[in-house]
Every structure is written in C-alpha cells, then in structure tokens.
Amino acid sequence: MLALCAFVVAVFAGRSVVLLITVIVMIDVALQTQALLNRARLFALSHEARSRLNTALAVSNFIGAAVGSAVATTLWSVGGWAAVTITGTALCCFALAVWARGRRGPLVIRSALPNGAATDRRDAPATA
C-alpha cells in the first residue's frame, strides 16, 4: 500500500523537489519492508536451505531490478514521467491483487528447527 501511495504522490511530484524526496523515502521504506518480510517468510521454510534460499532471493531481486530499470528507461523515452508513474501505480495494484487473492489468513512465521520440524513463533514460550 505504501508503494502504491508513493506512486500516486509521484504523479504530482513532477517539478517539486520536496514531493520527489517524499516519494523516494516512501518507496525505499516500502521496498525495505517487503524485503524483510520476504526473507522472514523464506527463512522459516528450511533451516538447512537458508543459504540457497537467500541466494535465490538475491538473484531474483537483481534480475527484477535490472528488468525494471530497462523498462523504466523505455517508458521514460516513450511517455516521460507520466508513463513511469502510471506503470508503477498499475504494477502496485497488480501486486496487491495477487497478494489479496492468495491471502489465506494472518501471517504466521514458522521457526524451522534443525530436525525439520516447525513451530509457530506465537506458540513459543515467553522469556524474560
């Protein structure tokens, strides 16, 4: 939602440095949060495969960033600021729709144990 809001603000930030800096901060916070949640979810899958999962995530993020940069450059050449912001808004809406469609309940991060078992973090005993 934060990234979507950032792109909506970006539509109006064409000549405003203050709005542009606000958009940059909003997008950065949204992407850092998304990366953290992705890592938490992936690392909960398998204790033994953390290195491989992290490598796959890093490679995927790199490929996505490279493709995104190439597409943004093309969009800028074709339609300028409006084309880039409208495409960003559309992609955020698509991502939210995919997330909402696949959502089955609250996010529960499972802790992977070395023996392959998993426990819910909310079930863990409280420590002082």
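All chains use their own residue numbering, which begins from 1 and follows the written sequence. A pLDDT threshold of at least 70 governs which residues receive local features in this predicted model, and a stricter bar of 80 or more applies before side-chain atom pairs are shown or counted, although totals over entire chains, interfaces and linings include all residues. Where side-chain values are given, they derive from all heavy atoms of the structure, hydrogens and water being excluded.

### Examining the environment of Val9
Argument step 1. In this description a helix means any DSSP run of H or I spanning at least four residues, a strand means any run of E spanning at least two, and both kinds are numbered starting from the N terminus. Relative to the helices and strands, Val9 is located in helix H1 (residues 2–11).
Argument step 2. On the basis of relative accessible area, Val9 is assigned to the partly exposed category, the value being 25%.
Argument step 3. In the structure, Val9 is positioned 14 residues away from Val23 in sequence and 6.7 Å away in space, judged by C-alpha atoms.
Argument step 4. Discounting residues that sit within four places of it in the chain, Val9 has contacts with Leu19 and Val23. For the exposure calls, accessible area comes from a 1.4 Å probe over protein chains only, and a residue counts as buried if that area is under 20% of its type's maximum, exposed if over 50%, partly exposed in between. By definition, residues are in contact when any of their heavy atoms lie within 4.5 Å.

### Let's talk about the packing of helix H2 (residues 17–43) against helix H3 (residues 50–102)
Any two packed helices are characterised by how steeply their axes cross, that is the angle between the axes, and by the distance between the axes.
Argument step 1. In this analysis, axes come from line fits to C-alpha atoms, helices being fitted only over the stretch in contact, and the angle between any two N-to-C directions falls in the range 0 to 180 degrees. Between H2 and H3, the shortest axis-to-axis distance is 11 Å and the interhelical angle comes to 150°. With respect to H3, the element H2 is oriented roughly antiparallel. As for the relative orientation of H2 and H3, their crossing is right-handed in sense. On H3, the residues touching Leu20, Asn38, Arg39, Leu42 and Phe43 of H2 are Arg50, Leu53, Asn54, Leu57 and Trp81.
Argument step 2. Think of it as three bins: nonpolar holds Ala, Val, Leu, Ile, Met, Phe, Trp, Tyr, Cys and Pro, charged holds Asp, Glu, Lys and Arg, and polar takes everything else, Gly as well. A breakdown of the residues in the contact of H2 with H3 according to their chemical character gives 6 nonpolar, 2 polar and 2 charged. Angles are sorted into four bins: roughly parallel if under 35 degrees, roughly antiparallel if over 145, roughly perpendicular if 65 to 115, and oblique for all others. Note on convention: near helix rotated counterclockwise from far helix by under a right angle means a left-handed crossing. Clockwise means right-handed.

### Describing the side chain of Thr85
Argument step 1. Topologically, Thr85 is positioned in helix H3.
Argument step 2. Exposure remark for Thr85: the relative accessible area of 2% places this residue in the buried category.
Argument step 3. Among all residues touching Thr85, those that are not within four sequence positions of it are Phe7, Ala10 and Val11.

### A look at the nonpolar core
Argument step 1. What is meant by a nonpolar core is a set of buried Ala, Val, Leu, Ile, Met, Phe, Trp, Tyr and Cys residues, joined one to another through side-chain atoms within 4.5 Å. Counting residues in each nonpolar core, the largest one holds 5 residues, listed as Ala6, Ala10, Ala13, Val23 and Met26.
Argument step 2. Where this core is concerned, the elements lending two or more residues are H1 and H2.
Argument step 3. Once you skip the residues sitting within four places of it in the chain, Ala10 turns out to touch Val23, Trp81 and Thr85.

### So, H3
Argument step 1. Expected helix span is given by 1.5 Å per residue-to-residue step, counting one fewer step than there are residues. For H3, which comprises 53 residues, the first-to-last C-alpha distance of 24 Å sits more than 12% below the rise-based estimate of 78 Å (1.5 Å per residue).
Argument step 2. Within H3, the axis deviates most sharply at Gly79, by approximately 130°.
Argument step 3. Among the residues of H3, those classed as buried are Leu53, Leu57, Gly80, Ala83, Thr85, Gly88, Thr89 and Cys92.
Argument step 4. Check the buried side of H3 and you find it contacts H1 and H2. Here the bend at each residue means the angle between axes fitted to two seven-residue stretches, the one ending at that residue and the one beginning there.

### A word on the packing of H1 against H2
Argument step 1. The N-to-C vectors of H1 and H2 enclose an angle of 165°; their axes lie 8 Å apart at closest approach. When the axis of H1 is compared with that of H2, the two are roughly antiparallel. In terms of crossing hand, the pair formed by H1 and H2 is left-handed. Here H1 contributes Leu2, Ala3, Cys5, Ala6, Phe7, Val9 and Ala10 to the contact with H2, which in turn contributes Leu19, Val23, Met26, Ile27, Val29 and Ala30.
Argument step 2. Of the residues contributing to the contact of H1 with H2, the split by class is 13 nonpolar, no polar and no charged.

### Notes on the environment of Gly68
Argument step 1. Tracing the chain through its elements places Gly68 in helix H3.
Argument step 2. The class of Gly68 is partly exposed, set by a relative accessible area of 38%.
Argument step 3. Each C-alpha atom of the pair Gly68 and Gly88 lies 10.0 Å from the other, and the pair is 20 residues apart in sequence.

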